[in-house]
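Each chain, written out:
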Amino acid sequence: MLRLGAILGVLMLPVSCRSNGGDDADESDDDSADQPDADSADAASAPATTEPGNRSVVVVGAGAAGLSAARLLVRAGVEVRILEAGPTHGGRLRDATDVIDFPLPLGAEWIHDDAQVLDDIAGRQVDIEVAGYGPGDTLGTYDGELRIEPLTGEDDLRFVGSSWLEVFDTYVVPDVADRLQFDTRVVRIEETGERVLVTDEASATFEADAAIVTVPVAVLRARDLTFVPDLTEERWAAIDTVEIWGGIKIFLEFAERFFPTFLTFPDSFTSAGQWLYYDAAHAQDSGHHVLGLFAVGAPATRYQGLDHDAVRDRVLAELDGIFDGAASRSYRRHVVQDWSAEPYIRQAYVADHADAQLVRTLGQPASERVLFAGDAYTDGRNWSEVHVAAAAARATVDRLLASW
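Residues numbered from 1 in each chain as written. Predicted model: local features only at pLDDT ≥ 70, side-chain atom pairs only at ≥ 80, totals over all residues. Heavy atoms only, no water.

Chemist: Summarise the overall build of the protein chain; cite the residues concerned and give the values.
Modeler: Helices and strands together make up the secondary structure of the protein chain, namely 10 helices and 24 strands. Going through the 404 residues of the protein chain one by one, you find that 57% of them count as buried. When the accessible surface of the protein chain is split by element, carbon and sulfur atoms take 45% of a total near 15,600 Å². (Helix = DSSP H or I, 4+ residues; strand = E, 2+ residues; numbered from the N terminus. Buried < 20%, exposed > 50% of the residue type's maximum accessible area, 1.4 Å probe, protein only. Areas by Shrake-Rupley, 256 points an atom, 1.4 Å probe, with all protein chains shown as cover.)

Chemist: Any chance you could break down the sheet that holds strand β15 (residues 226-228) for me, citing the residues and the numbers?
Modeler: Spatial ordering of the open sheet is given by β13-β12-β11-β15, a layout of 4 strands whose pairing is mixed. Looking at strand neighbours, the two that pair on one side only are β13 (205-208) and β15, the edges of this open sheet. Recorded for the sheet is a direction-independent mean angle of 15 degrees between the axes of neighbouring strands. Note: strand β11 (residues 186-192) against strand β12 (residues 195-200), 6 bridges, orientation antiparallel. Along β12, the bridge assignment pairs V186 with D200. (Pairing = 2+ DSSP bridges. Axes fitted to C-alpha atoms, helices over the stretch in contact; angles between N-to-C directions.)

Chemist: I'd like a rundown of the packing of helix α2 (residues 64-75) against helix α10 (residues 386-403), residues and numbers included.
Modeler: Where α2 meets α10, the closest approach of the two axes is 8 Å, and the angle between their N-to-C directions is 40 degrees. As judged from the angle between their axes, α2 and α10 are oblique. Crossing angle aside, the handedness with which α2 passes α10 is right-handed. Of the residues in α10, those touching α2 at A64, A65, S68, A69, L72 and L73 are V386, A389, A390, A393, R394, V397, L400 and L401. Grouping the amino acids of the contact of α2 with α10 by side-chain chemistry returns 12 nonpolar, 1 polar and 1 charged. (Parallel < 35°, antiparallel > 145°, perpendicular 65-115°, else oblique. Left-handed = near helix turned anticlockwise from the far one by under 90°. Contact = heavy atoms within 4.5 Å. Nonpolar A, V, L, I, M, F, W, Y, C, P; charged D, E, K, R; others polar.)

Chemist: An account of the side chain of S162 is requested, with residue identities and associated values reported.
Modeler: Residue placement: S162 occurs in the loop between β9 (157-159) and α4 (164-171). Side-chain polar atoms of S162 contact the side chain of E166, separated by 3.3 Å. What S162 contacts, discounting residues up to four positions off in sequence, is P103 and I128. (Polar contact = N/O pair within 3.5 Å; in protein donor to acceptor, adjacent residues only side chain to side chain.)

Chemist: Which residues make up the sheet that holds β9, and what are the values?
Modeler: Strand order in the open sheet made by the 3 strands is β5-β9-β6, with antiparallel pairing throughout. Edge positions in the sheet fall to β5 (110-111) and β6 (130-131), since each of these pairs with one other strand and no more. In this sheet, β9 lies alongside β6 in antiparallel orientation, the contact comprising 2 bridges. Bridge pairing in β9 links V130 to F159.

Chemist: Break down the side chain of Q347 for me, citing the residues and quoting the values.
Modeler: Inspection of the secondary structure puts Q347 in the loop between β22 (331-338) and β23 (349-350). Residue Q347 is classed as buried on the basis of its relative accessible area, which comes to 1%. Separated by 3.2 Å, the side chain of Q347 and the backbone nitrogen of V217 make a polar contact. When sequence neighbours within four positions are dropped, the list of residues in contact with Q347 reads R92, P216, V217, A218, I244, W245, G246, W339 and S340.

Chemist: Talk me through the packing of aromatic side chains; I want residue IDs and the actual numbers.
Modeler: Tallied over the full model, the rule gives 15 aromatic pairs. Put simply, the rings of Y142, F265, W275 and Y277 pair up and form one aromatic cluster. Above the ring of W110, the side-chain terminus of R158 is found at 5.4 Å from the ring centroid. Above the plane of the ring of W236 lies R223, whose end atom (NZ or CZ) is 3.9 Å from the centre. (Phe/Tyr/Trp six-rings, centres within 6.5 Å; stacked < 30°, edge-to-face > 60°. Lys NZ or Arg CZ within 6 Å of the ring centre and 35° of its normal.)

Chemist: How would you explain the pattern of salt bridges if you had to name every residue and give the values?
Modeler: This structure, assessed with the given rule, holds 25 salt bridges. Its salt-bridge partner being R71, residue D175 comes within 3.1 Å of it at the nearest N-O pair. Placement of the pair is D175 in the loop between α4 and β10 (180-181) and R71 in helix α2, with a sequence separation of 104 residues. Here D175 falls in the partly exposed class, since its relative accessible area comes to 34%. (Salt bridge = Lys/Arg side-chain N within 4 Å of Asp/Glu carboxyl O.)

Nothing here speaks to function; it is all geometry.
Written out as structure tokens, the structure reads:
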């Protein structure tokens, strides 16, 4: 049967292995060969091995990669400033904490690897509970008729009473909190002599020895950021052609549970995108019944562009048709997060089946002083996962420190 853990799609539900990550994805050119494997246990936590002296770096973006890179640089003795366009840190790590009695992960949710990756990101043992799937969990499929069977072969993990954001808030952010500057949208990065000038939309300029860019690919595609000298034609081609999925997540609380652990459809997993319903309260110590809807790519467009009440009505109508009106009878409230509509994000993540060579191109530095890090800026062996974003940050920081 379908193995959900191998195909669930970031920032929000990224896969743990890529269908196009075979021989071509494993070939490394001179620039990528020294990047550590994104799944290596030491990828995000190994200590720095260089003496940076009085060096400084501007990190553009305060998501998983930006925070990870900044923390590693601070621990190496580098002066760091993190410029974040939005009003808070986390990027696509975001929780709704005022809805029910556990955090609702509006962005990244699952752990698509062993829980050891949390320790790797933190640089020490993480004291946060996680849980998997097992006996009693079910998979529903609907193609005009609902069939429910036991869920097997699912090895992804979920946080219990916690989230990806809490991991970073507890183990990463404290080291860099005083380096964060919010509501600062960077519009220009210019190399001048041996320095880099980073300019925001208010014309404030920040000077440093290097800059690490961690903004989503969709932001670069929109030409919201100017580079001087310009990026290569090859990199712009990769930015413009790599497949990016938009995405939306919707949570609905019900008075009773009438749904299986997962609910899929004939078109839940296609090259155009993914969508499914799932029990968002699974493994939580809670009496609340919460159903999540995850949609990326083409399926997400069914719900995007609508106001939140219209989204609710569409979802309830879909569920009522499957569960004989049970959704509307027990509906209590809902939460909607449309990542495509976020002005400084504009996407869910790079598609699962994207061209690995394009991802590898995205991951290369623009120069010794302007580098990239993030879930889409990797060596092409894996992408679009939180722990991969942290590992990419480690690789970028290592490269930068080695150049000094």
